[in-house]
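Structural characterization, general
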Amino acid sequence: MSPGTLRFGYGTNGLTDLRLADALGLLADLGYDGVGLTLDHMHLDPLAPDLAARTREVARRLDRHGLGVTIETGARYVLDPRRKHGPSLLDPDPAGRAARTRLLILAVRIAADLGAHAVHCFSGVTPEDTSDDVAWQRLTEAFGPVLDAASATGIPLAVEPEPGHLVATLADFHRLRQALGSPEALGLTLDIGHCQCLEPEPPADCVRAAAPWLRHVQIEDMRRGVHEHLPFGDGEIDFPPVLEALAATGYQGLTVVELPRHSHAGPRLAEESLDFLRRAFPGAARASRARAGAAEAALEGSTP
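An account of the accompanying structure is given in this report.

Basis of the calculations
For every chain, the first residue of the written sequence is number 1, and numbering continues from 1 onward in sequence order. The predicted origin of the model limits local features to residues at a pLDDT of at least 70 and limits the giving and counting of side-chain atom pairs to 80 or more, whereas totals for whole chains, interfaces and linings rest on all residues. Side-chain figures throughout are based on the complete set of non-hydrogen atoms in the structure, without hydrogens or water. Two rings from Phe, Tyr or Trp (for Trp, the six-membered ring) form a pair when their centres are within 6.5 Å of each other. A pair whose planes differ by under 30 degrees is stacked, one over 60 is edge-to-face, and the rest are tilted. Exposure is judged per residue with a 1.4 Å probe applied to protein chains only, and the accessible area is read against the type maximum: over 50% gives exposed, under 20% gives buried, and values in between give partly exposed. Runs of E in the DSSP output that reach at least two residues are strands. Runs of H or I that reach at least four are helices, and both are numbered from the N terminus. Whether two strands pair comes down to DSSP finding at least two bridges between them. By convention, a crossover is right-handed whenever its connection, traced from the first strand over the helix to the second and viewed with the strands pointing away, goes clockwise. Grid points spaced at 1 Å and placed over the protein atoms alone form the basis of the search, with a cavity being a set where a 1.4 Å probe fits but cannot get out and a pocket an open set showing protein on both sides within 12 Å along at least five of seven lines. Lining residues have an atom within 4 Å of a point. Grid points are joined across faces, edges and corners, and a volume is the space filled by probe spheres set on the points. In this classification, the charged set is Asp, Glu, Lys and Arg, the nonpolar set is Ala, Val, Leu, Ile, Met, Phe, Trp, Tyr, Cys and Pro, and all remaining amino acids, among them Gly, are polar. In what follows, a disulfide is any cysteine sulfur pair within 2.5 Å. Definition used in this section: a nonpolar core is a set of buried Ala, Val, Leu, Ile, Met, Phe, Trp, Tyr and Cys residues joined via side-chain atoms within 4.5 Å. Two residues form a contact once any of their heavy atoms are found within 4.5 Å.

**Focus on the packing of aromatic side chains**
- Enumeration according to the criterion identifies four aromatic pairs in this entry.
- With 5.0 Å between their ring centres and 90 degrees between their planes, Phe-232 and Phe-239 make a pair best called edge-to-face. Across the pair, Phe-239 and Phe-232 agree in class, each one buried.
- Relative to Phe-276, the ring of Phe-239 lies with its centre 5.5 Å away and its plane at 90 degrees, an arrangement referred to as edge-to-face. Here Phe-239, found in helix α8 (residues 239–248), pairs with Phe-276, found in helix α9 (residues 266–280); they are 37 residues apart in sequence, far enough to count as distant.
- Accessibility expressed as a relative area gives 1% for Phe-239, which makes it buried.
- One aromatic cluster in this structure is built from Phe-232, Phe-239 and Phe-276.

Written out as structure tokens, the structure reads:
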């Protein structure tokens, strides 16, 4: 992909009322370039039996539909049915932290099997009665084995600053990166809505500042100071400058629509979201048509 183009995806955490096969077919039919695949019980469950066989089937479907993929690890209850996002990398119990680390290592291996361009993750919320120094120590120690796995597979780990978490802002990401010695395998997930919510600079400026470490992008609308993922047009973000800034960086990964609380309207919002993004950045529509034409020509050329 040349600089100046963008590839749009949609997160399966916003399509949880659909079977994964149906979700992938829908996104391909709508014209998406890829998918943000959240490892969870309703889709590609990382803890259920026959994971290797199920992963191979997903790989075949992605290839059949021509979809790129990012692996996302933000499932709410995949490890603990009683604690949202628990246990985290900051859990007071070492066994809990180890369970999250194992899940992230497994996510890296799944990503390698699927040819994903990154594995998304986040730090977690600092537990009560835990000092800042202890929380940072736990986080850096827990990330070590995950970064080793990412380095071994060549799949970058993309940490997302998340409002309310230990790593909440771009400044926090840089603190983590420096604490870990700036490993090549550690990159950034930039959520455009989170920039609007928390960062002191406008989202387009955040994109430019984050460019050297950018490995994954999530996008949705949002309001200042309110962490609520909104459909495009329901928040305050001016998207054309954001998308132009992103394209100008030469970012090669997926830009994934992130609406995890809107699955009840997932198919409609997936269609409306892609229409919105194409209007906001017409170059994406031109690139999609060019790819579609090249694929059709390849198919015609292979027909006896």
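**Quick look at the pairing of strand β3 (residues 68–72)**
- For β3, a buried count of five out of five residues is recorded, marking the element as mostly surrounded by other parts of the structure.
- Residues Gly-68, Thr-70 and Glu-72 line one face of β3 and the alternating positions Val-69 and Ile-71 line the opposite face, and both faces are buried.
- As paired strands, strand β2 (residues 34–38) and β3 are joined by five bridges and run parallel to one another. Its bridge partner lying in β3, Thr-38 is registered against Glu-72.
- Between β2 and its parallel partner β3, the chain crosses via helix α2 (residues 51–65), and the hand of that crossover is right-handed.

**Considerations on unusual backbone geometry**
- A cis geometry characterises the amide bond from Gly-86 onward to Pro-87, with omega recorded as -15 degrees.
- Examined against the element boundaries, Pro-87 turns out to sit in the loop between β3 and α3 (94–114).
- At His-85, a position not held by glycine, the phi torsion is positive, near 60 degrees.
- The topology assignment puts His-85 in the loop between β3 and α3.

**Notes on the layout of surface pockets**
- Considered as a void within the structure, the largest pocket measures approximately 940 Å³ in volume.
- Together, 50 residues line the largest pocket, and Gly-74, Arg-76, Lys-84, His-85 and Phe-122 are the ones closest to its centre.
- Only α3, β4 (119–121) and β9 (226–230) provide two or more residues apiece to the lining of the largest pocket.
- The element best represented in the lining of the largest pocket is β9, accounting for four residues.
- Across the lining of the largest pocket, the residue classes tally to 15 nonpolar, 21 polar and 14 charged.

**Brief notes about the state of the cysteines**
- Scanning the model with the defined rule gives zero disulfides in all.
- Cys-206 supplies the cysteine sulfur nearest to Cys-195, a cysteine that is in no disulfide, at a spacing of 3.9 Å.
- Left without a disulfide partner, Cys-197 is nearest to the cysteine sulfur of Cys-195, which lies 9.9 Å away.
- Taking the relative accessible area as the measure of exposure, Cys-197 reaches 5% and is therefore buried.

**Structural notes on the nonpolar core**
- Formed by 80 residues in total, the largest nonpolar core has its most connected members in Ile-71 and Phe-143.
- It is helix α4 (residues 132–153) that provides the largest number of residues to this core, a total of nine residues.
- Ignoring sequence-local partners within four residues, the contact set of Ile-71 consists of Leu-37, Leu-39, Ala-107, Ile-110, Ala-111, Leu-114, Ala-116, Ala-118, Val-119 and His-120.

**Quick notes on the environment of Val-146**
- In this fold, Val-146 is placed in helix α4.
- Note: C-alpha distance between Val-146 and Thr-101 (45 residues apart in sequence) is 6.5 Å.
- Those residues in contact with Val-146, other than ones at most four positions away along the chain, are Thr-101, Leu-104, Ile-105, Val-108 and Leu-157.

**What about empty space enclosed by the protein?**
- In this structure the tally under the stated criterion is two cavities of 30 Å³ or more.
- Looking at the largest cavity, its volume works out to about 50 Å³.
- Sorting the residues of the lining of the largest cavity by element identifies β6 (186–191) and α6 (192–198) as the ones contributing at least two each.
- Take the lining of the largest cavity: its biggest share by element is three residues, from β6.
- Across the lining of the largest cavity, the residue classes break down as five nonpolar, three polar and two charged.
- The computed volume of the second largest cavity comes to approximately 30 Å³.
- Leu-39, Glu-72, Thr-73, Gly-74, Ala-75, Val-78, Arg-100 and Leu-103 are the residues that line the second largest cavity.
- Among the residues forming the lining of the second largest cavity, the class breakdown is four nonpolar, two polar and two charged.

In short, geometric facts, not functional conclusions.
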